[in-house]
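Here is what each chain is made of, one letter per residue.
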Amino acid sequence: MELKLLLLLMSLTVAATATTAEYVRPPPRKTLHFPWDRKPSSQPQQVHISLAGDKHIRVTWITNAKSSPSIVEYGTSPGKYSSMAEGETTSYSYLFYSSGKIHHTVIGPLEHDTVYFYRCGGGGPEFQFKTPPSQFPITFAVAGDLGQTGWTKSTLDHIDLCKYDVHLLPGDLSYADYIQNRWDTFGELVQPLASARPWMVTEGNHEKENILLLEDGFESYNARWKMPFEESGSNSNLYYSFEVAGVHTIMLGSYAYYDEYSDQYNWLKADLLKVDRKRTPWLVVLFHVPWYNSNEAHQGEGDEMMATMEPLLHAAGVDIMLAGHVHAYERTKRVYNGKSDPCGAIHITIGDGGNKEGLAQRYKNPQPEWSIFREASFGHGELKMVNSTHAFWSWHRNDDDEPVRSDQVWITSLVSSGCVAEKRPELRKILMAP
Ligand SMILES: *[C@@H]1O[C@H](CO)[C@@H](O)[C@H](O)[C@H]1NC(C)=O
Ligand SMILES: [Fe+2]
């Protein structure tokens, strides 16, 4: 009797400091099979949008006709297009597969926080999107490792129910895994959301698809999911940055070279030099392979990248780092160099978008001191930057109704806690080193 009570008290104390929620998961769901007909038409397919520098948006779509113009007509009232822009076309072949024409057209300048109606290729259905606000508050929806299963569908349905401005995806999109028309079905699956809000993505291992080391890989990914790397001074679609409403977001590449002599590392230094924390008090970083992960899956895979880049990002005062790869959810305290640190970043693994590989159910025990919440369930996150000092993070599992917050936390910025100012000399030293 007393022992039971003692155990109960102990478990309550543990629950107050760290949580591994107990929950019996339903089995994984199958890959959805969409009828995908390659009709030879100029009908736009797989429409998605992404941010392309201040006040500009890149519209991407695919057609299968021999000739179809890369034009986007747009305006602020339905059916009336006051502006037009023309873009460029690309395509690729992969073994026996030839892609349709992939159109990328940048439009703007656009007003902030405004609904636009648009049409691709001079005809076809009308789409609409909302541009992000210029000031706080701004909300990001976050989900990685999406794939295209019944679980993906439920994640997307949930995201559709929340009010957000930009979608952040820390890698592993289609799980096409070399079968190229699965990139097309993925494009169709996400179109309702990705044509309405900017989708900002970075690459995961499933984007690589290199055959026998013949090429660098990422051919399909780079052709279809062109991100604003040129606009952010990067020479690779695998890493770039963008600024929106007081948030500087850096999308790193877990699968591009990241050592101190690499292009990526040098670009990162140059990008951090441009960050002005008065203009963008929040600094957020995304990449695919998590650095702080207490799941059994993918242990240690991020260690090398972390050893090179964490000192730099810590000196820069990164507030939040979001990763995927592990098919589960985990949130840490502010950490640096393997330990809690009030000036470190909060790391969140959100690789629970719903792909065919299922969940990563096994955790290392005991739970590390830096790990606050971990659970293997499908879901998505919402990151609301309320103002320059406060942000609210919540995690929503698919098994519950969307408004249910399974995990939530208020985050205060490192600018407001003085960490950024304190670290400035250290940052300068790293950035000025040859
Ligand atoms: C920022 O938002 C938080 C949470 O709502 C609030 O407590 C705080 O006063 C706000 N700060 C400013 C400067 O408005
Ligand atoms: Fe992955």
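Calculation rules
Residues numbered from 1 in each chain as written. Chains lettered and ligands numbered in written order. Predicted model: local features only at pLDDT ≥ 70, side-chain atom pairs only at ≥ 80, totals over all residues. Heavy atoms only, no water. Pairing = 2+ DSSP bridges. Helix = DSSP H or I, 4+ residues; strand = E, 2+ residues; numbered from the N terminus. Axes fitted to C-alpha atoms, helices over the stretch in contact; angles between N-to-C directions. Parallel < 35°, antiparallel > 145°, perpendicular 65-115°, else oblique. Contact = heavy atoms within 4.5 Å. Nonpolar A, V, L, I, M, F, W, Y, C, P; charged D, E, K, R; others polar. Left-handed = near helix turned anticlockwise from the far one by under 90°. Buried < 20%, exposed > 50% of the residue type's maximum accessible area, 1.4 Å probe, protein only. Right-handed = clockwise from strand over helix to strand, strands pointing away. UniProt positions renumbered as here; feature names shortened; annotations may be inferred. Disulfide = S-S within 2.5 Å. Domains from an automatic or database assignment. Buried area = accessible area lost by both parts, 1.4 Å probe. Salt bridge = Lys/Arg side-chain N within 4 Å of Asp/Glu carboxyl O. Polar contact = N/O pair within 3.5 Å; in protein donor to acceptor, adjacent residues only side chain to side chain. Donors = N, O, S within 2.8 Å, 3.2 Å for Na, K, Ca; no water. Tetrahedral: all angles 85-135°; square planar, octahedral: opposite > 155°, others 65-115°.

Pairing is antiparallel in the open sheet, where four strands are placed in the order 2-3-9-6. The two strands at the open ends of the sheet, each matched to only one other strand, are strand 2 (45-51) and strand 6 (88-90). Across the sheet, the mean angle separating the axes of adjacent strands is 20 degrees when strand polarity is ignored. Note that strand 3 (residues 57-63) and strand 9 (residues 101-107) share seven bridges and pair antiparallel. Bridged to Thr60 within strand 9 is His104.

Before going further, it helps to spend a moment on the packing of helix 6 (residues 303-315) against helix 7 (residues 419-432). Interaxial distance between helix 6 and helix 7 falls to 8 Å at its minimum, and their mutual angle equals 135 degrees. Accordingly, the angle class assigned to the pair helix 6 and helix 7 is oblique. Residues Pro311, Leu312, His314 and Ala315 of helix 6 touch helix 7, and the partners they reach there are Lys423, Glu426, Leu427, Ile430 and Leu431. Residue composition of the contact of helix 6 with helix 7, grouped by class: six nonpolar, one polar and two charged.

Before going further, it helps to examine the packing of helix 5 (residues 263-274) against helix 7. Packing of helix 5 against helix 7 brings their axes to within 10 Å, and their N-to-C directions diverge by 135 degrees. With respect to helix 7, the axis of helix 5 lies oblique. Seen from above, helix 5 lies across helix 7 with left-handed handedness. Along its contact with helix 5, which presents Tyr265, Lys269, Leu272 and Leu273, the element helix 7 presents Ile430, Leu431 and Met432. Split by residue class, the contact of helix 5 with helix 7 holds six nonpolar, no polar and one charged.

Another aspect to go through is the pairing of strand 18 (residues 320-323). Alternating positions in strand 18 separate into two faces, Ile320 and Leu322 on one and Met321 and Ala323 on the other, with burial throughout. Pairing analysis gives three bridges linking strand 17 (residues 282-286) to strand 18, with the strands arranged parallel. Within strand 18, the position partnered with Leu286 by the bridge is Leu322. Between the parallel pair strand 17 and strand 18, the chain is carried across by helix 6, and the sense of this crossover is right-handed. With four bridges connecting them, strand 18 and strand 21 (residues 345-350) associate as parallel partners. What sits directly across from Ile320, in strand 21, is Ile346.

The feature "domain: Purple acid phosphatase C-terminal" (unreviewed entry), as annotated in UniProt, sits at residues 345-401 in this numbering. Spanning residues 345-401, this segment combines 0% helix with 46% strand, and its end C-alpha atoms are found 29 Å apart.

Turning next to the state of the cysteines. Tallied over the full model, the rule gives one disulfide. Bridging Cys343 to Cys419, the disulfide has an S-S length of 2.1 Å. Disulfide Cys343 to Cys419: torsion about the S-S bond roughly -75 degrees, handedness left-handed. Of the two residues, Cys343 sits in the loop between strand 20 (339-340) and strand 21 while Cys419 sits in helix 7, which places them 76 residues apart along the sequence. Residue classification places Cys343 among the buried positions, given a relative accessible area of 9%. A relative accessible area of 4% means that Cys419 is categorised as buried.

With that settled, consider the domain arrangement of the protein. What the domain assignment reports for the protein is domain 1 (45-130) and domain 2 (132-431). Spacing between the C-alpha centres of domain 1 and domain 2 amounts to 25 Å. Residue-level contacts link 30 residues of domain 1 with 33 residues of domain 2. Between domain 1 and domain 2, a total of about 2,700 Å² is buried, with carbon and sulfur atoms accounting for 55% of that surface. On the domain 1 side of the interface with domain 2, the three residues burying the most area are Leu51, Tyr94 and Lys130, jointly 27% of the side's total. On the surface where domain 1 and domain 2 come into contact, there are three salt bridges. A salt bridge links Glu231 to Arg58, with the shortest nitrogen-to-oxygen separation between them at 2.9 Å. Our count for the contact surface shared by domain 1 and domain 2 stands at 21 residue pairs in polar contact (both at pLDDT 80 or more). Counting residues per element, the ones that place at least two in the side of domain 1 that touches domain 2 are strand 2, strand 3, strand 6, strand 7 (93-94), strand 9 and strand 11 (127-130). For the side of domain 1 that touches domain 2, the element with the highest residue contribution is strand 2, accounting for seven residues.

As a further point, take the coordination of the iron ion (ligand 2). Of the protein atoms, only Asp172 (OD), Asn205 (OD1), His288 (NE2) and His325 (ND1) coordinate the iron ion (ligand 2), at distances of 2.1 to 2.2 Å. Around the iron ion (ligand 2), the four donor atoms sit at angles spanning 86 to 168 degrees, and that spread fits a shape best called irregular. Ordering the donors of the iron ion (ligand 2) by residue number gives the pattern D-x32-N-x82-H-x36-H. Residue Asn205 is found in the loop between strand 14 (199-201) and helix 4 (219-224), and its partner His325 is found in the loop between strand 18 and strand 19 (329-336); the two are separated by 120 residues along the sequence. Using a relative accessible area of 29% as the deciding quantity, one classes Asn205 as partly exposed.

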